[in-house]
Amino acid sequence: MSSQASPQQIPVLVLAGFLGSGKTTLLNHLLHRSGGSRIGAVVNDFGAIEIDAMAVAGALGDSTVSLGNGCLCCAVDASELDLYLDRLARPSSRMDVIVIEASGLAEPQELVKMLLASENPHIVYGGLVEVVDAAEFDATREKHPEIDRHLAIADLVVVNKADRAPDPDRVTGLVRTLADGAAVVSASYGRIDPEFLFDCRPTEERIGQLSFDDLHRHEDRDRGDGGADEHLGHLHSAYESVSFTSEVPLGPRRLMDFLDSRPDGLYRIKGYVDFGAADPGNRYAVHAVGRFLRFYPEPWAPGERLTQLVLIGSGIDAVALGKKLEACKDDAPHADERSMWGVLRYVQEPEAEEEVEAAGQGGWGDLPGGAG
């Protein structure tokens, strides 16, 4: 498949990056700042509750396809991906670009392979955008050295959360050496110029390099027995998720006790919390990456009020975590403003319109530098 789009073909970009890097906020920013261009989105969540899909602006419209509970790189093949893209790529949709937001544990080269193998006449592979967390980059790279390989095949790298990194210039310089000539831009809160999406075009040389190195490795594995072991080398094979839903509001103090004592292996928490009478007017988007924690209050939308959380970690006791969350339910809720003090310590005052907008649309996934 050629990397050059014909007038009838829509470029499809893969937006990848490790857990908490800032993909969802970046995508929300692009959707709100597209300058009139139509951007379609395919959102892939790792976990049974599609938190990231809720977070993407317009997630209930006809410009978004949501795929939950697993990594797209393992859940479907090229022909199945074509079926999902058909809705966005049909000529009547008039899309200018389609973005596949991969889960934070996906293997980007697998998604690129599927796009290169696509037989959909309306799309063309538009490039790989890799988002990295500048504040956590060294720790992420130490734990997951395969990140170097992801950067080497990227066409655009966004060094996000530059505002939180102690030495962002050092991180950006290191990323440039690993990105093998790809464009590298620094950002905070996922704010990049939307034109980068349209300028992110993979060269035939980069596609050729990807095909030889990464796609060849994939083909070797495809000659296996087709069992689950084929994906043991993927990032997500070492992680598991816990999904929690409650119609009963959570007690603010109980939840903060849980969050303050969370185990080291619990790397990622995302979702929405109902604190009931403690703050009846708002739900709270919660975003945690490692030891970083933020809450983002936003008005309730009409409809059912639920707490919905997804926890992702390595070596975690899923059953024990589920029991601890159950213990956070407030069986006798009553108005107590002081009970919210612990939560409010982690509410950051909005500093810019984009941050308010991202929080209000659920783009909490990557706020203060983001979480994808």
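This text follows the structure it describes.
What comes next is a walk through the structure. What you see is a predicted model; the values in this text were computed from it and never measured.

Right, let's get into the packing of aromatic side chains. Summed over the entire model, instances satisfying the criterion amount to 3 aromatic pairs. Through pairs of rings, three or more aromatic residues link up here, namely Phe275, Tyr284 and Phe295. Sitting over the face of the ring of Tyr272, Arg283 holds its NZ or CZ atom 3.8 Å from the ring centroid.

Most of strand 4 (residues 97–101) is tucked away: 5 of the 5 residues are buried. Alternating positions in strand 4 separate into two faces, Val97, Val99 and Glu101 on one and Ile98 and Ile100 on the other, with burial throughout. In terms of strand pairing, strand 1 (residues 10–17) meets strand 4 through 4 bridges, oriented parallel. Residue pairing for strand 4: Leu13 is matched across the bridge by Val99.

Here we take up the environment of Thr245. If you trace the backbone, Thr245 turns up in strand 8 (residues 240–246). The sequence separation of Thr245 and Tyr272 amounts to 27 residues, and the corresponding C-alpha distance is 9.6 Å.

Here we come to helix 5 (residues 108–116). Summarising burial for helix 5: 8 of the 9 residues are buried, a large majority. Inspection of helix 5 places Pro108, Gln109, Glu110, Leu111, Val112, Met114, Leu115 and Leu116 among the buried residues, and these make up the whole buried set.

Overall, the coordinates contain 7 cavities of 30 Å³ or more when judged by the stated rule. Quantified by volume, the largest cavity comes out at close to 70 Å³. Looking at the largest cavity, the residues that line it are Phe18, Leu19, Glu130, Val131, Val132, Asp133, Phe137, Thr140, Ile147 and Tyr267. Elements that contribute at least two residues to the lining of the largest cavity include exactly strand 5 (123–133) and helix 6 (137–143).

Analysis parameters
- Each chain carries its own residue numbering, running from 1 in the written order of its sequence.
- Local features in a predicted model are, by the rule used here, given only for residues with pLDDT of at least 70; side-chain atom pairs are given and counted only at 80 or more, and totals for whole chains, interfaces and linings are based on all residues.
- Calculation of side-chain values draws on the structure's entire complement of heavy atoms; hydrogens and water are dropped beforehand.
- Stacked, tilted and edge-to-face are the three classes applied to pairs of Phe, Tyr and Trp rings, where Trp contributes its six-membered ring and a pair requires centres within 6.5 Å; stacked means planes under 30 degrees apart, edge-to-face means over 60, and tilted covers the rest.
- A positively charged side chain is recorded as over a ring if its NZ (Lys) or CZ (Arg) lies within 6 Å of the ring centre. The angle to the ring normal must also be within 35 degrees.
- Each residue gets one of three labels from its accessible area relative to the maximum for its type: buried under 20%, exposed over 50%, partly exposed in between, using a 1.4 Å probe on protein chains only.
- Strands are runs of DSSP state E lasting at least 2 residues, helices are runs of H or I lasting at least 4, and numbering of each runs from the N terminus.
- The criterion for strand pairing is that DSSP finds at least two bridges linking the strands in question.
- Buriedness of a pocket was judged along seven lines, with at least five required to meet protein on both sides within 12 Å; pockets are open sets of points on a 1 Å grid over the protein atoms alone, cavities are sets where a 1.4 Å probe fits but cannot get out, and lining residues have an atom within 4 Å of a point.
- Grid points are joined across faces, edges and corners, and a volume is the space filled by probe spheres set on the points.

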